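A closer look at the structure
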Amino acid sequence: MKALLLRDLKLALRAGGGFGLGLAFFLIVTVLVPFSVGPQSELLSRIAPGVLWLGALLACLLSLDRVLALDWEDGTLDLLATAPLPLEAVVTIKAAAHWLTTAVPLVLVSPVLGLMLNLPAEGFSWLVVSLFLGTPALSVIGTFGAALTVGLKRGGLLLSLLVLPLYVPTLIFGAEVARRGAAGFSVETPLLMLAGISAATIALLPFASAAVLRVNLR
Amino acid sequence: MSIWKFANPKTFLTTTERLLPAVWALAAVLCVVGLIWGFFFTPDDFRQGASVKIMFVHVPSAFIAINAWFMMLVASLIWVIRRHHVSALAAKAAAPVGVIMTLIALITGALWGHQIWGTWWVWDPRLTSFLVLFLFYLGYVALWAAIEDPDTAADLTSILCLVGSVFAVLSRYAVLFWNQGLHQGASLSLDKEENVADVFSTPLYVCMAGFGCLFLALVLYRTGTEIRARRVRALMLRERMVA
């Protein structure tokens, strides 16, 4: 398991892995927002939590197609399926690798982008906490979507169509935490719901992903 | 006689062929009677005027839209557990009907909202969760369309339906938390004292029964079509092998 995780991390980090792409996308989206809604700082500070959450979500989404697709193409997935490691563990590790290489950097740079969008000072800690708790769910749900579409030739758009509705609850609670935090309200309820969604998806969804992957490898 | 008898495509086809004319006729009669009754023989509401009559299309289509997904969920479960092809094809056949019903509910709701609330659309929990349901339907239909091998498609879409159901319910409660609504609560229920007045509710029940029969007829008909399409495919493959 550890070897697989290290292999995935290395592949993502080294040349050709597209490691920085998600980050660059996040930056671009955030930069485009003031261009589209205008530079008034009070408007920006009001929408900043939602924009940052949406940007992080889209950056996660766009990097999903490489979670399984490359391994599918060169046959690594077939080898992994016949390995003693259960497929549930394989997809969990794939999701973990996606989270570590895509989501964690997003979480780390989000305060800087929050600064650019004039996020209120109280909001920073809650933004980071909400992203930190919510992005695991995004990675796990996304891996399920990637497993569904892995055998398809033009799976990219379909992947978005399948995964985005599944992202709705996570986005609602995550952005709510960030918004309430920025406004100085109590964040307890949405924070617990967000953590609950992450915990439940991590615990249950790998079984669905593995089942789907078995069908696709058949 | 058990319901599993209809897992045999041939039994299913012969039975539905005998049943279908009756179901179509029942759907037509109930829809025509219910809609005409609702549109022309109910009084105008004292505040909403004639626009209350959108209800006779809006409520039944919303009712079918939700229950169509539920039927797909049951059919997917049957496919996952017992692997009856008819069941998978029935789920496939129901999905586009559900899409249209959701769309009808959303559009009639927008027309009604424009009259009464003064806006086409608000981000109300009910409206929003219906929109999310619509997106789930689209994803489901798109996944069926994208996969060539029918068994793989049936497997993948049924798992998507199961996972999607959980997330659809989750979204329903999440949007409830996210925003308080403009849409009224349930006005028809079996366990409440106060419901819509009988003058309105009786034709409404007729309309709902009519839409239900229409849904049943469409699903049976479309499932039959899918079975025949599958047969044609098998025959063509066999012919190519012989040639």
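Our subject is the structure that appears above.
We now turn to the structure provided with this report. Because the structure is predicted, anything quoted here is derived from the model rather than measured.

The rules we used
Residues numbered from 1 in each chain as written. Chains lettered and ligands numbered in written order. Predicted model: local features only at pLDDT ≥ 70, side-chain atom pairs only at ≥ 80, totals over all residues. Heavy atoms only, no water. Contact = heavy atoms within 4.5 Å. Buried area = accessible area lost by both parts, 1.4 Å probe. Salt bridge = Lys/Arg side-chain N within 4 Å of Asp/Glu carboxyl O. Polar contact = N/O pair within 3.5 Å; in protein donor to acceptor, adjacent residues only side chain to side chain. Helix = DSSP H or I, 4+ residues; strand = E, 2+ residues; numbered from the N terminus. Buried < 20%, exposed > 50% of the residue type's maximum accessible area, 1.4 Å probe, protein only. Axes fitted to C-alpha atoms, helices over the stretch in contact; angles between N-to-C directions. Parallel < 35°, antiparallel > 145°, perpendicular 65-115°, else oblique. Left-handed = near helix turned anticlockwise from the far one by under 90°. Nonpolar A, V, L, I, M, F, W, Y, C, P; charged D, E, K, R; others polar.

1. A short note on the interface of chain B and chain A
With 25 residues of chain B in contact, the opposing surface of chain A contributes 27 residues. Roughly 2,100 Å² of surface becomes buried between chain B and chain A when both sides are summed, with 85% attributable to carbon and sulfur atoms. Three residues stand out in chain B for area buried against chain A, namely Leu156(B), Phe167(B) and Phe177(B), and they jointly supply 28% of the buried area on that side. Counting across the chain B and chain A interface gives one salt bridge. A salt bridge links Arg218(A) to Asp155(B), with the shortest nitrogen-to-oxygen separation between them at 3.0 Å. Our enumeration of links across chain B and chain A arrives at one residue pair in polar contact (both at pLDDT 80 or more). Listed by contribution, the elements that provide at least two residues to the side of chain B that touches chain A are α4 (125-146) and α5 (150-178) of chain B. With 15 residues, the top contributor of residues to the side of chain B that touches chain A is α5(B).

2. Comments concerning the side chain of Thr143(A)
Residues and elements named next belong to chain A. Along the chain, Thr-143 turns up in helix α7 (residues 123-149). On the basis of relative accessible area, Thr-143 is assigned to the buried category, the value being 1%. With residues near it in sequence (within four places) discarded, Thr-143 still touches Leu-64, Val-67, Leu-68, Val-91, Ala-95 and Ser-209.

3. Observations concerning the packing of helix α2 (residues 55-82) of chain B against helix α6 (residues 198-242) of chain B
Residues and elements named next belong to chain B. At their nearest, the axes of α2 and α6 sit 9 Å apart, and the two run at 40° to each other. Classified by the interaxial angle, the pair formed by α2 and α6 is oblique. When the axes of α2 and α6 are compared, the crossing they make is right-handed. Contacts between α2 and α6 pair Met-55, Phe-56, Val-57, Val-59, Pro-60, Ser-61, Phe-63, Ile-64, Ala-68 and Met-71 from the former with Phe-200, Pro-203, Leu-204, Cys-207, Met-208, Phe-211, Gly-212, Phe-215 and Val-219 from the latter. Within the contact of α2 with α6, the residues separate by chemical class into 17 nonpolar, two polar and no charged.

4. Let's talk about the side chain of Ser45(A)
Residues and elements named next belong to chain A. Checked against the element boundaries, Ser-45 lands in helix α3 (residues 41-62). Look at Ser-45 and you get buried, because its relative accessible area is 19%. Contact partners of Ser-45, with chain neighbours within four places excluded, come to Leu-117, Asn-118 and Pro-120.

5. Examining unusual backbone geometry
Phi angles above zero are rare outside glycine, and Asn118(A) is one such case at about 65°. Here Asn118(A) is to be found in the loop between α6 (87-116) and α7. Among the residues examined, Asn118(A) registers a relative accessible area of 36% and is labelled partly exposed. Backbone geometry places Arg83(B), a non-glycine residue, at a positive phi of 55°. Locating Arg83(B) in the fold gives a position in the loop between α2 and α3 (85-116). For Arg83(B), a relative accessible area of 39% translates into the label partly exposed.

6. Quick word on the environment of Met55(B)
Residues and elements named next belong to chain B. Looking at the secondary structure, you find Met-55 in helix α2. With 12 residues separating them in the primary sequence, Met-55 and Pro-43 have C-alpha atoms 13 Å apart. With near-sequence residues (within four places) excluded, Met-55 lies in contact with Pro-60, Trp-112, Phe-200 and Leu-204.

7. A short note on the packing of helix α2 (residues 19-37) of chain A against α6(A)
Residue and element names in this part refer to chain A. Orientation of α2 relative to α6, taken along the N-to-C sense of each, is 25°, at an axis distance of 10 Å. Looking at the two axes, α2 sits roughly parallel to α6. In the packing of α2 onto α6, the handedness of the crossing is right-handed. Side by side, α2 and α6 meet where Phe-19, Gly-22, Leu-23, Phe-26, Leu-27, Thr-30 and Val-31 of the first sit next to Thr-101, Pro-105, Leu-106, Val-109, Ser-110, Leu-113 and Met-116 of the second. Taken together, the residues of the contact of α2 with α6 sort by class into 10 nonpolar, four polar and no charged.

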